[in-house]
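An overview of the molecular structure
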Amino acid sequence: MMKNLVKPTVFGTRSGYIIRFTCPNCLKENSIMYNMPKAYYKESRDGTCRQCKNHYTVLTPGKN
Ligand SMILES: [Zn+2]
């Protein structure tokens, strides 16, 4: 069985210290909360869908 090493990429939005993204697989809205600005202001981070447990690279390009 082939292992998929490349995580799919999704776009998220910043709101407060929360990154929100919609899972493209099950369309569940997920949010990731950050306490550290350093992680929050990165342009990409790992995200996991709470519903289907898929892993994604969540991008938030643009304004910081
Ligand atoms: Zn999902």
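Report on the accompanying structure. Since the structure is predicted, the reported quantities are computational estimates derived from the model, not experimental observations. (Residues numbered from 1 in each chain as written. Predicted model: local features only at pLDDT ≥ 70, side-chain atom pairs only at ≥ 80, totals over all residues. Heavy atoms only, no water.)

1. A few points about the sheet that holds strand β5 (residues 55-59)
- If you walk across this open sheet you meet the five strands as β3-β2-β1-β5-β4, and the pairing is mixed. Looking at strand neighbours, the two that pair on one side only are β3 (29-33) and β4 (44-48), the edges of this open sheet. Each strand of the sheet is rotated relative to its neighbour by a mean of 35 degrees, with strand direction disregarded.
- Where β4 lies against β5, five bridges are found, and the strand directions are antiparallel. Across the sheet, the residue bridging to Asp46 is Thr57, located in β5. (Pairing = 2+ DSSP bridges. Helix = DSSP H or I, 4+ residues; strand = E, 2+ residues; numbered from the N terminus. Axes fitted to C-alpha atoms, helices over the stretch in contact; angles between N-to-C directions.)

2. A look at the coordination of the zinc ion
- The zinc ion binds to the protein through Cys23 (SG), Cys26 (SG), Cys49 (SG) and Cys52 (SG); the donor distances cover 2.2 to 2.3 Å.
- Note that the zinc ion binds four donor atoms; their angles at the metal cover 105 to 118 degrees, and the shape is tetrahedral.
- In primary-sequence terms, the residues that donate to the zinc ion follow C-x2-C-x22-C-x2-C.
- What makes Cys52 partly exposed here is its relative accessible area of 24%. (Donors = N, O, S within 2.8 Å, 3.2 Å for Na, K, Ca; no water. Tetrahedral: all angles 85-135°; square planar, octahedral: opposite > 155°, others 65-115°. Buried < 20%, exposed > 50% of the residue type's maximum accessible area, 1.4 Å probe, protein only.)

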